[in-house]
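The residues making up each chain are set out below.
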Amino acid sequence: MSLRPILLHPDPRLKRVADPVQAVTSEVRQLAADMLETMYEAPGIGLAAPQVGVGLRLLVMDCAKREDAPPRPMVLINPEIVWSSEATRSYEEGCLSIPEHYAEIVRPAEVRVRWTGLDGAEAETHFAGLWATCVQHEIDHLNGRLFIDYLTPLRRQLITRKMQKLKRELARA
Ligand code: K2U
Ligand code: ZN
């Protein structure tokens, strides 16, 4: 397993629509393992393949946020939302590709997602709470969408300018 560098906004690879995973190969398994290791190390509760520069429809999550709760890592291949609740929920979201920036984002409170596991089996899971927010945030990444795309153009531009400055400073370091 190895840590993968997380792309920082703005980056054209974060805006692309990712391709479906055609087969669960050993490379896909290695990618999933590396993404889980990278997510835990960040630390984060979700990570999508495009964030580590891989244009595939694969995401990992572990929103078991209580310290004493056992980890509940999930690997979702080719996930698709098949139902969303009318009810919505607001959550202050962040993003590992846009560090230190947060915004209140409103999303459906519950979703049902059809996905394929590393074992090739199809499943359909009902997500609520932080899991629902996270899986929608990650599926947005697979479609080239970031949480700042829900903000006003002015606010999005402010964040983008600050991220461009951060990337220039990191490049000089
Ligand atoms: O996709 C990512 O960048 C990881 C996101 C996942 C996420 C964003 C908003 C809301 C839920 C999940 C985060 O950066 S992981 C960091 C984090 C940790 C605890 C709560 C919210 C976000
Ligand atoms: Zn994100």
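The numbers attached to residues start from 1 for each chain and follow its sequence in the written order. Whichever chain is written first is A, and whichever ligand is written first is 1; the rest continue in order. It should be noted that, the model being predicted, local features are given only for residues of pLDDT at least 70 and side-chain atom pairs only at 80 or more, the latter also being counted only at that level, while totals for whole chains, interfaces and linings use all residues. Each side-chain value is derived from all of the structure's non-hydrogen atoms; neither hydrogens nor water enter the calculation.

Asker: What is the right way to read the nonpolar core from this model?
Answerer: Joining through side-chain atoms within 4.5 Å is the link that ties buried Ala, Val, Leu, Ile, Met, Phe, Trp, Tyr and Cys residues into a set, and such a set is a nonpolar core. Burial here depends on accessible area, computed with a 1.4 Å probe over protein chains only, as a share of the maximum for the residue type. Under 20% is buried, over 50% is exposed, and the range in between is partly exposed. Residues Met61, Met74, Leu76, Val113, Phe127 and Val135 are the most contacted members of the largest nonpolar core, which totals 17 residues. At the level of secondary structure, the elements contributing two or more residues to this core comprise β2 (58-61), β3 (74-84), β6 (110-116) and α2 (129-142). Secondary structure elements are defined from DSSP: runs of H or I of at least 4 residues count as helices, runs of E of at least 2 residues count as strands, and each element is numbered from the N terminus. Per-element tally for this core: the top contributor is α2, with 7 residues. A contact between two residues is defined here by any heavy atoms of the two lying within 4.5 Å. The contact partners of Val135, leaving out residues within four places of it in the chain, are Met61, Leu76, Val111, Val113 and Phe127. With 15 residues, the next largest nonpolar core counts Ala32, Leu36, Ala49 and Val60 among its residues.

Asker: Looking at this structure, I do not really get helix α1 (residues 26-41). What am I missing?
Answerer: Given 3.6 residues to a turn, an α-helix orients residues that are three or four positions apart in the same direction. Compared with the 22 Å implied by 1.5 Å per residue over 16 residues, the 23 Å span of α1 between its first and last C-alpha is a close match. Restricting attention to buried positions, one finds in α1 the residues Val28, Leu31, Ala32, Asp34, Met35, Leu36, Thr38 and Met39. How far a helix is expected to stretch is found by multiplying one less than its residue total by 1.5 Å.

Asker: Sorry if this is basic, but what is going on with the environment of Trp131 here?
Answerer: With respect to the element layout, Trp131 can be found in helix α2. For the pair Trp131 and Ala109, spaced 22 residues apart in sequence, the C-alpha to C-alpha distance is 9.7 Å. When near neighbours in sequence (up to four residues on either side) are disregarded, Trp131 contacts Met61, Asp62, Cys63, Ala64, Arg72 and Met74.

Asker: It is not clear to me how the coordination of the zinc ion (ligand 2) should be interpreted in this structure. Could you clarify?
Answerer: Within the first shell, the zinc ion (ligand 2) binds the protein through Cys95 (SG), His137 (NE2) and His141 (NE2), at distances of 2.1 to 2.3 Å. For Na, K and Ca the donor cut-off is 3.2 Å; for every other metal, N, O and S atoms count as donors within 2.8 Å. Water does not enter the count, which can leave sites looking incomplete. Linear spacing of the donor residues for the zinc ion (ligand 2) on their chain is C-x41-H-x3-H. Residue His137 and its partner His141 are both found in helix α2; the two are separated by 4 residues, about one turn of the helix. Classification of His137 by relative accessible area gives buried; the value is 9%.

Asker: Mind showing me how you'd approach the site of ligand 1 here?
Answerer: Near ligand 1 lie 15 residues; those nearest to it are Gly46, Gln51, Leu96, His137 and Glu138. For the purposes of these results, a polar contact is taken to be a pair of N or O atoms within 3.5 Å, where, inside protein, one atom must be able to donate a hydrogen and its partner to accept one; residues adjacent in sequence count only when each atom of the pair is a side-chain atom. Within the backbone of Leu96, a nitrogen or oxygen atom sits 2.7 Å from an oxygen atom of ligand 1. At 3.4 Å, a side-chain N or O of His141 approaches an oxygen atom of ligand 1. To measure how exposed things are, a 1.4 Å probe is used in the Shrake-Rupley method; for residues, cover is taken only from the protein chains shown. Coverage of ligand 1 by the protein amounts to 84% of the 480 Å² it exposes when considered alone. Buriedness of a pocket was judged along seven lines, with at least five required to meet protein on both sides within 12 Å; pockets are open sets of points on a 1 Å grid over the protein atoms alone, cavities are sets where a 1.4 Å probe fits but cannot get out, and lining residues have an atom within 4 Å of a point. Occupancy of a cavity or pocket is assigned to a molecule whenever over half of its atoms lie within 2 Å of that pocket's grid points. If you map ligand 1 onto the pockets, it falls in the largest pocket. If you list the elements that add at least two residues to the shell around ligand 1, you get β4 (88-93) and α2. Tallying contributions element by element places α2 first for the shell around ligand 1, with 6 residues. Under the convention adopted here, Pro, Cys and the residues Ala, Val, Leu, Ile, Met, Phe, Trp and Tyr are nonpolar, Asp, Glu, Lys and Arg are charged, and Gly plus all remaining residues are polar. Looking at the shell around ligand 1 residue by residue, the classes come out as 6 nonpolar, 7 polar and 2 charged. One heavy atom suffices: a residue is near a molecule or strand as soon as one of its heavy atoms comes within 4 Å of it.

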